[in-house]
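What follows is the residue order along each chain.
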Amino acid sequence: MPRVALTPEAADVLRGLRADHGDLMFHQSGGCCDGSAPMCYPLGEFRTGASDVHLGDLAVDSFVVPVWMSASQFEYWSHTHLTIDVVPGRGSGFSLEAPLGVRFLVRSRLLQDGEL
């Protein structure tokens, strides 16, 4: 069972972003302001390292979008399944969807026994 998923609406936005920006990635830091939202970047623009956890890869058509979270944030979310969705509104200026008038967000649910 994957730890992270994507809504069809979010997949539509990712298709457009990939056409404009190339390969993509998500990172969620859990910081203040919009830092608790998943941020979409061109692949490799946000550097990940030992302080990050790779949650999985989202398959969208023929491409994948890796999803990362800071290890400190993962301590709080390790018992949840995360779904990346998109809603109207302005998010962070650093995330690629910001100029589109939408923002990505995470919907979570508790993992059931045996899911991972």
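Residues numbered from 1 in each chain as written. Predicted model: local features only at pLDDT ≥ 70, side-chain atom pairs only at ≥ 80, totals over all residues. Heavy atoms only, no water.

(A) Region of interest: the pairing of strand β2 (residues 24-28). Within β2, five of the five residues are buried, which leaves the element mostly enclosed by the surrounding structure. Both faces of β2 are covered, namely the face carrying L24, F26 and Q28 and the face carrying M25 and H27. Here four bridges tie β2 to strand β3 (residues 39-42), and the two strands are oriented antiparallel to one another. For H27, the partnering residue across the bridge sits in β3 and is M39. Two elements, β2 and strand β5 (residues 63-70), share three bridges in a ladder whose sense is parallel. In the strand pairing of β5, H27 is matched with W68. (Buried < 20%, exposed > 50% of the residue type's maximum accessible area, 1.4 Å probe, protein only. Helix = DSSP H or I, 4+ residues; strand = E, 2+ residues; numbered from the N terminus. Pairing = 2+ DSSP bridges.)

(B) Spatial organisation of the environment of Y76. As for its position among the elements, Y76 is in helix α2 (residues 71-77). On the accessibility criterion, Y76 (61% relative accessible area) is exposed. As for Y76 and S29, which are separated by 47 residues in sequence, their C-alpha atoms are 12 Å apart.

(C) Region of the structure containing the sheet that holds β2. As summarised here, the arrangement of the four strands in space is β3-β2-β5-β4, forming an open sheet in which the pairing is mixed. Each end of this open sheet is capped by a strand with a single partner; those strands are β3 and β4 (52-60). If you compare each strand with its neighbour and ignore which way they point, the axes differ by 25 degrees on average. Packed on one face of the sheet, helix α1 (residues 8-21) meets β2, β3, β4 and β5 and runs near 120 degrees to β2. (Axes fitted to C-alpha atoms, helices over the stretch in contact; angles between N-to-C directions. Contact = heavy atoms within 4.5 Å.)

(D) Up close: the packing of aromatic side chains. The full count for this structure, using the stated rule, is two aromatic pairs. Ring geometry for F26 and F104: centres 4.9 Å apart, planes at 90 degrees, overall edge-to-face. With a gap of 78 residues between them, F26 in strand β2 and F104 in strand β7 (residues 102-110) connect regions that are remote in the sequence. Here F26 matches F104 in class, with each residue buried. Seen in terms of ring centroids, Y41 and F46 are 5.2 Å apart; in terms of plane orientation they differ by 25 degrees. Their pairing is stacked. The exposure class of Y41 is buried, given its relative accessible area of 10%. The class for F46 is partly exposed, based on a relative accessible area of 27%. (Phe/Tyr/Trp six-rings, centres within 6.5 Å; stacked < 30°, edge-to-face > 60°.)

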